[in-house]
Amino acid sequence: MPSAPAPATVPSRAAALASLALAGVLVIAACDAPGGGGAAPSPTVTAPTGGAVTPADPVGGTDLLGGGHDWSHFAGATAGPDGLRIRPLGRMIVRQDGSGGQPNPPVNLRGPHLETSGDFELTADLRGTSHAGAYLQLYGELPVVYDEWRQERRSVRLGVVDGRLEVALFDGTKADPAFVRTFGSGLPDDVTLTVSRHGDALRFAVGGGVLGELPAVGAFGSTQVWFGADAAVGGQGWRLAALRVRPLEGGAVAVVDGAPSAEQRPEADSLRALGAGRPRPLGVGAAAASAPLATDQAYRSLLAGQFSVLTPENDMKPQFVHPQKDVYDFTEGDSLVDFAAANGMQVHAHTLVFGEALPRWMRETPAGGREKVMLDHIAEVAGHFKGKVAEWDVVNEPMSVEEGDYGPGRDGLRRHVWQQAMGERYIDKAFRAARAADPDAKLYLNEFGLEEDGARWDAFLALVKRLKQRGVPVDGVGFQSHIHASGDHVKPETLADHFKDLAELGLAVRISEIDVHGEDRQAQAGQFGLVAEVCAQTPGCTSFGTWGVGDRYGSTAAHDSYPLAPGDELMWDTELRPKPAVAAVRDALGAGR
C-alpha cells in the first residue's frame, strides 16, 4: 500500500486527524507538544496474565520505567537510575538446515504491558541514537517462538536510524513487515518520541513539521500493548531514558505487571502427582516456551499443575543465549528456571551442543577455532545455570539422518560443524566440559529414532559403548519418541529391550520429547499410554516428557504458516482441553501404585 505524499504544511491538526481517522490511515506527524485530551475514566481491566493492574494517570501520565515496574528481566536491557541501556543482541533464528535468518528481537515478557480501551498516548525518550539504530517495538500481539522459528504477529516497530524515523508495520500475515517507510532527516541524537492512538490512526511526534502519512494495518487490533527494544549490531546501543503512558479523552489504559511465578498446588490426580506417588517416583515433563509462559494464564497453570519437569524448548539453545561471539543473554532461560523453582519443578536443560539452532557466527567459525568456541560456550552456559538445573542434554541428535552414513565402515554420526572439526571426540570433549562446569548435573545424550531396531539403533548403541569405554561422563540417554505419521508407532517390547541394553551399560533413560500424530485420537492415546507404561515399569527410566504443553503453542505447528496451522500431536488441544491421551497416561502412571 503506497504512502501518501507528505504535505509541506498542516493547516489544522484537528482537521487532519479527523480526515485521516475517517480514511483509516496511520499518521506520522511532528508535534510541538503531546496531544490534548481530558481526563479519562478509570478503566475496568482484568489481568489475564495474573499480574497487578494499575490505572494510568490521565493527566500527567504513568511512569513505566519507575513505580516498581519490572524491567530487570528484559533481554538485552540493563536497568539503571538513568533508564534502560539497550545493547545490540543481534538474535536471529535460522532454519533447521542452517539457511535463512529471521530476526528475533526481545520483548519484555516479565515486565509491564498495557491493557487499553480507546485512545492513549506514549512518550519515550531515546538517548544516544546516533551510536546505532535505536528500535522501540510496540506489540499488539506477541510473537511466539516455536521450534526454531518465530510466528510474527501484529506490531509497529519504530526506529531512529541515521537521523531518520523508520516505521515498520507487521500485520500478522507474514514474517516480514507489511511495509517499511522512512521519514525526515537530521533528527537529533536525543529524541523524544510521542505515539498516540486516535481511533484507527496513530500519530508519531518528534519535534516540528509533518513527516508523512501511512495507511493503518491494524497493528493494535487487540487491547494489549507489549514493549520490545533492540539496537543495530555493530553499534554501542542506546538508552531509553523515560517511558510514560496516559489515556486520551474517551480512552482508558491500565498498566499490568508481570505475573508472579508461583501457581496453585497440583491436584491429587494430576500427572505430576501420580508420577510422584509411585513406589519409584517418575518425573513427568514438558517442553516450555517463555512467551506463552509469561502471557497465558491457562498455559502457565497447566504447566505447573500437571508437570514436574520443565525442558526449555528453545531458550537455552545457542542461537538464543549466545547470538554473537562476545554476547550472551540468559534472560528468557532464567525466566523458565525461576518458574520451575517457584513451582517445585526440576529443569532438564536443553541443549549445549547441537548441529542445528546455531548462530551464524558459530557456523562460520573456521574449523581450527571450533573446539574453543564449543568449550567456551559450554563453560559459560552450563556455568551460568550451575546449581539451578538438574540435568542437561549435553549433545543433541548426534546421529545422521542420511542412510548412507550407516553400514560397514560407517559410524552413523551426523556431519555438522562440530563433528567436521573434531570427529567423534567432539562428544567426549563436550561431556567432559559440561561435567567440569556443573559437576552435580546429570548429563544426557539425546536422540530421535531410538525406539526402533535397525542400523540407526545399532550405530547409536555402538557409539555409547565407545563413549563408556573412554570414560566419557554420560549419565543417561533421552529417547525423543516423535511419532509424526499415522502409520508410525512405537513397539513397547522393542522400547523395553533398548532401555535394558542401556541399563546394562549403567545408563539411565528418559522419554524426552514424545509427541504423537493426532488424526486418530484414540490411536494417539494408545501410543502415549504404551510409552508411558514402559517408562513407568522400567527401573532406570527417570522421566516421561512431551515436546510441548498443548497444541495451542506446540512446535509441531506448520513452519512459517500464516495464518498459523497448529499441530495436533500433544496431549492438550488448541483450547488446552485434555485429549484422551491424558487419561491414557494417567492410567499408565496410576498402574502398580
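Residues numbered from 1 in each chain as written. Predicted model: local features only at pLDDT ≥ 70, side-chain atom pairs only at ≥ 80, totals over all residues. Heavy atoms only, no water.

1. Structural notes on the overall build of the protein
Formally: Put simply, DSSP marks the helices as runs of H or I at least four residues long and the strands as runs of E at least two long, and each gets a number from the N terminus on. Residue contacts are defined here by distance: any two heavy atoms, one from each residue, within 4.5 Å place the two residues in contact. Here the Shrake-Rupley method, with its probe set to 1.4 Å, supplies the accessible areas, and only the displayed protein chains count as covering residues.
Each helix and strand counted, the protein has 14 helices and 30 strands in total. Long-range contacts, defined here as pairs at least 24 residues apart, represent 76% of the contacts in the protein between residues at least 6 apart. Of the roughly 22200 Å² of accessible surface on the protein, a fraction of 50% belongs to carbon and sulfur atoms.

2. Quick word on the state of the cysteines
So the rule is basically this: Two cysteine sulfur atoms form a disulfide, by the criterion used here, when they sit within 2.5 Å. Here the term buried applies to any residue with accessible area under 20% of the maximum for its type, exposed to any over 50%, and partly exposed to those in between, with areas from a 1.4 Å probe on protein chains only.
With the rule as written, the count across this model stands at one disulfide. Here Cys 535 engages in a disulfide with Cys 541; their sulfurs sit 2.0 Å apart. Its S-S torsion of about -90° marks the bond between Cys 535 and Cys 541 as left-handed, since a negative value means left-handed. For the pair Cys 535 and Cys 541, one class covers both residues: buried.

3. As for the packing of helix H8 (residues 370-384) against helix H10 (residues 425-437)
We count it as follows: Orientation is described by lines fitted to C-alpha atoms, with helices fitted over the stretch in contact, and by angles between N-to-C directions that extend from 0 to 180 degrees. Each angle gets one of four labels, with under 35 degrees taken as roughly parallel, over 145 as roughly antiparallel, 65 to 115 as roughly perpendicular, and the rest as oblique. Should the near helix be turned anticlockwise from the far one by less than a right angle, the crossing is left-handed, and should it be turned clockwise, the crossing is right-handed. Residue polarity follows a fixed list, in which Ala, Val, Leu, Ile, Met, Phe, Trp, Tyr, Cys and Pro are nonpolar, Asp, Glu, Lys and Arg are charged, and the others, Gly among them, are polar.
Between H8 and H10, whose axes approach to 9 Å, the crossing angle comes to 30°. On the basis of the axis angle, H8 is roughly parallel to H10. In the crossing of H8 with H10, the sense of the turn from one axis to the other is right-handed. On H10, the residues that touch Glu 371, Met 374, Leu 375, Ile 378, Ala 379, Ala 382 and Gly 383 of H8 are Tyr 426, Lys 429, Ala 430, Ala 433, Ala 434 and Ala 437. Grouping the constituent residues of the contact of H8 with H10 by class yields ten nonpolar, one polar and two charged.

4. Focus on the packing of aromatic side chains
Which entries qualify depends on this criterion: Pairs were defined over the aromatic rings of Phe, Tyr and Trp, the Trp ring being its six-membered one, requiring ring centres within 6.5 Å. Orientation was assigned from the angle between planes: stacked under 30 degrees, edge-to-face over 60, tilted for the rest. Look at NZ for Lys and CZ for Arg. If either is within 6 Å of the ring centre and within 35 degrees of the ring normal, a charge sits over the ring.
Inspection of every chain in the model, using the stated rule, returns eleven aromatic pairs. Seen in terms of ring centroids, Tyr 146 and Trp 149 are 4.8 Å apart; in terms of plane orientation they differ by 20°. Their pairing is stacked. Here Tyr 146 and Trp 149 have matching classes, each one buried. Counting every residue linked through ring pairs, the aromatic cluster contains Tyr 328, Phe 330, Phe 385 and Trp 392. One cation-aromatic arrangement involves Arg 456 over Phe 448; the distance from NZ or CZ to the ring centre is 4.1 Å. Seen from the ring of Tyr 444, Arg 510 lies directly overhead, with NZ or CZ sitting 5.9 Å from the centre.

5. Quick notes on the nonpolar core
Note the following rule: What makes a nonpolar core is a set of buried Ala, Val, Leu, Ile, Met, Phe, Trp, Tyr and Cys residues whose side-chain atoms join them at distances within 4.5 Å.
Ranked by size, the top nonpolar core spans 102 residues in total, and within it Leu 303, Trp 392, Trp 418, Leu 445 and Phe 479 carry the most contacts. Counting residues in each nonpolar core, the second largest holds 45 residues, with Ala 56, Leu 122, Phe 183 and Phe 204 among its members.

6. Things to note about a negative patch on the surface
Going by this rule: In this analysis, a patch consists of residues with relative accessible area above 30% that form no salt bridge, clustered at 9 Å for like charges and at 5 Å for the nonpolar side chains Val, Leu, Ile, Met, Phe, Trp and Tyr. Within this document, salt bridges are pairs made up of a side-chain nitrogen of Lys or Arg and a carboxyl oxygen of Asp or Glu, the two lying within 4 Å of each other. The charge count treats Lys and Arg as positive and Asp and Glu as negative. His and the chain ends do not count. The location of each charge is read from NZ of Lys, CZ of Arg, CG of Asp or CD of Glu.
On the surface, Glu 452, Asp 453, Asp 458, Glu 493 and Asp 497 cluster together to form a negatively charged patch. Along the polypeptide, Glu 452 turns up in the loop between strand E26 (442-447) and helix H11 (455-469). Note on Glu 452: relative accessible area 44%, which makes it partly exposed.

7. Here we look at the sheet that holds strand E21 (residues 252-256)
Applicable threshold: Any two strands between which DSSP finds at least two bridges are classified as paired.
Read across the sheet, eight strands follow the order E2-E21-E8-E19-E10-E13-E14-E15 without closing on themselves; strand pairing throughout is antiparallel. Each edge of the open sheet is held by one strand with a lone partner, namely strand E2 (53-55) and strand E15 (179-183). The mean angle between the axes of side-by-side strands here comes to 25°, regardless of whether they run parallel or antiparallel. Sheet analysis places E2 next to E21, joined by three bridges and oriented antiparallel.

8. As for the pairing of strand E14 (residues 164-171)
Burial analysis of E14 places six of its eight residues in the buried class, the great majority of the element. Pairing of strand E13 (residues 154-161) with E14, which is carried by eight bridges, proceeds in the antiparallel orientation. Its bridge partner lying in E14, Arg 157 is registered against Ala 168. Between the antiparallel neighbours E13 and E14 lie two residues, among them Asp 162 with a positive phi of about 50°. In terms of strand pairing, E14 meets E15 through five bridges, oriented antiparallel.

9. What to know about helix H4 (residues 297-306)
Short version of the rule: Nitrogen and oxygen atoms within 3.5 Å of one another constitute a polar contact, given that in protein one can donate a hydrogen and the other can accept it, and given that sequence-neighbouring residues count only through two side-chain atoms.
Where burial is concerned, most of H4 is hidden: eight out of the ten residues are buried. Its buried side turned inward, H4 meets helix H2 (271-276), strand E22 (283-288), helix H3 (290-295), strand E23 (309-312) and helix H6 (331-342). Its side-chain oxygen 3.0 Å from the backbone nitrogen of Ala 298, Asp 296 forms the N-cap of H4.

10. Some points on the side chain of Asp 125
The topology assignment puts Asp 125 in strand E9 (residues 120-127). Of note is the side chain of Asp 125, whose polar atom sits 2.9 Å from the side chain of Thr 192. Those residues in contact with Asp 125, other than ones at most four positions away along the chain, are Val 191, Thr 192, Arg 239, Leu 240, Ala 241 and Ala 242.

11. Digging into the packing of H11 against helix H12 (residues 492-503)
The N-to-C vectors of H11 and H12 enclose an angle of 15°; their axes lie 11 Å apart at closest approach. Relative to H12, H11 is oriented roughly parallel. In this structure, H11 meets H12 at a crossing whose hand is right-handed. Between H11, through Trp 457, Leu 461 and Val 464, and H12, the contact on the second element is made entirely by His 498, Asp 501 and Leu 502.

12. Focus on empty space enclosed by the protein
Keep this limit in mind: Using a 1 Å grid laid over the protein atoms alone, points where a 1.4 Å probe fits but cannot get out form a cavity; open sets with protein on both sides within 12 Å along at least 5 of 7 lines form a pocket; any residue with an atom within 4 Å of a point counts as lining. Grid points are joined across faces, edges and corners, and a volume is the space filled by probe spheres set on the points.
The tally for this structure, following the rule as stated, stands at four cavities of 30 Å³ or more. Roughly 180 Å³ of volume is contained in the largest cavity. When its residues are assigned to classes, the lining of the largest cavity shows eleven nonpolar, three polar and five charged. In this structure, the second largest cavity encloses a volume near 60 Å³. If you trace the second largest cavity, you find it lined by Pro 318, Leu 352, Val 353, Phe 354, Leu 358, Met 362, Val 373, Met 374, His 377, Ile 378 and Trp 418. Contributions of two or more residues to the lining of the second largest cavity are made by strand E24 (346-354) and H8. Per-element tally for the lining of the second largest cavity: the top contributor is H8, with four residues. For the lining of the second largest cavity, a count of residues per class yields ten nonpolar, one polar and no charged.

13. Focus on the pattern of salt bridges
Under the criterion given, the structure shown has 24 salt bridges. Across the pair Glu 371 and Lys 429 runs a salt bridge whose closest N-O atoms are separated by 3.5 Å. Note that Glu 371 is positioned in helix H8 and Lys 429 in helix H10, a separation of 58 residues in sequence. Of the charged contacts in the structure, one is a salt bridge between Lys 372 and Asp 376, with a shortest N-O distance of 2.6 Å.

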